[in-house]
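A look at the structure
One letter stands for each residue in the lines below.
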Amino acid sequence: SATAILFLHTGLTDRVSLDMESLAIIQETTSIPARQLLVLSDLMFHQRDAIPIRGKHTAYDSPVLAGTSINTYSDADIGNLLSNYFYRNQTTSLNSLTKQVYWSPSLSGSADQFTLN
């Protein structure tokens, strides 16, 4: 199995000026030894409340996990990080309807080296 949390810098410029740090999570499993996981998907933008079309919106432009702000275990706790992230007004995720996943089998039968693309 493989789990990855992608930390992204996301922006919108067409109708709304938005600059934010966001996440996308990849979590896949396989029953065979694999050397590579390839994931293709659309990144989806979500908003709970509409963003006003005037002005530049930078409420979430600071890093989701800032290395300089980790002072306690709870600051780096993945469950706490994800919980705080998903309660935000604007978030991103990978579209499960368009997601394509391909596991490349390991030719040696072991997964000593692994690549996530």
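Presented here is an overview of the structure given in this document.

Conventions we followed
Along each chain, residues carry numbers from 1 onward, in the same order as the chain's sequence is written. This being a predicted model, a pLDDT of at least 70 is required before a residue's local features are given, and a value of 80 or more before pairs of side-chain atoms are given or counted; all residues contribute to the totals for chains, interfaces and linings. Only hydrogens and water are set aside when side-chain values are computed; all heavy atoms of the structure are taken into account. Two aromatic rings, drawn from Phe, Tyr or Trp (for Trp, its six-membered ring), form a pair once their centres lie within 6.5 Å of each other, and the interplanar angle then sorts them: stacked below 30 degrees, edge-to-face above 60, tilted otherwise. Here, a charge over a ring is recorded when the distance from Lys NZ or Arg CZ to the ring centre is within 6 Å and its angle to the ring normal is within 35 degrees. DSSP bridges decide pairing: two strands pair if at least two such bridges lie between them. Each helix is a run of DSSP H or I of at least 4 residues and each strand a run of E of at least 2, with the numbering of both proceeding from the N terminus. By the convention used here, residues are in contact when the closest approach between their heavy atoms is within 4.5 Å. Between the N-to-C directions of two axes lies an angle of 0 to 180 degrees, each axis being a line fitted to C-alpha atoms and, for a helix, fitted only over the stretch in contact. Here's how the labels work: a residue is buried when its accessible area is under 20% of the maximum for its type, exposed when over 50%, partly exposed in between, all with a 1.4 Å probe on protein chains only. We define the nonpolar core as a collection of buried residues of types Ala, Val, Leu, Ile, Met, Phe, Trp, Tyr and Cys that are connected through side-chain atoms lying within 4.5 Å of one another.

1. Focus: the packing of aromatic side chains
This model, assessed by the stated rule, comprises one aromatic pair. Here the aromatic rings of Y85 and F86 are separated by 5.1 Å at their centres, their planes lie at 80°, and the arrangement is edge-to-face. The ring of Y60 has R88 sitting right over it, with the charged end atom 4.0 Å from the ring centre.

2. A short note on the sheet that holds strand β1 (residues 2-12)
Strands sit in the order β1-β2-β5 across an open sheet of three strands; the sheet is mixed. A strand with exactly one partner marks an edge of an open sheet, and here the two such strands are β1 and β5 (56-57). Here helix α2 (residues 78-86) sits on the sheet and contacts β1 and β2 (17-28); the angle it forms with β2, its principal contact strand, is near 135°.

3. Thoughts on the side chain of S104
Its place among the elements puts S104 in strand β7 (residues 100-105). The class of S104 is buried, set by a relative accessible area of 6%. Those residues in contact with S104 that sit more than four places away from it in its chain are A34, R35 and Q36.

4. Here's the deal with the nonpolar core
Membership of the largest hydrophobic core is limited to seven residues, which are A2, A4, I26, A34, L37, V39 and W103. Elements with a contribution of two residues or more to this core: β1 and β3 (34-40). For this core, the element with the highest residue contribution is β3, accounting for three residues. The contact partners of W103, leaving out residues within four places of it in the chain, are S1, A2, E28, T29, T30, A34, Q36, L37 and F114.

5. Brief notes about the sheet that holds β7
Within the open sheet, the three strands sit side by side as β7-β3-β8. Their pairing is mixed. The sheet is open, and its two edges are formed by β7 and β8 (115-116), each paired on a single side. The pairing of β3 with β7 spans six bridges and is classified as antiparallel. Its bridge partner being in β7, L40 is matched across the sheet by Q100.

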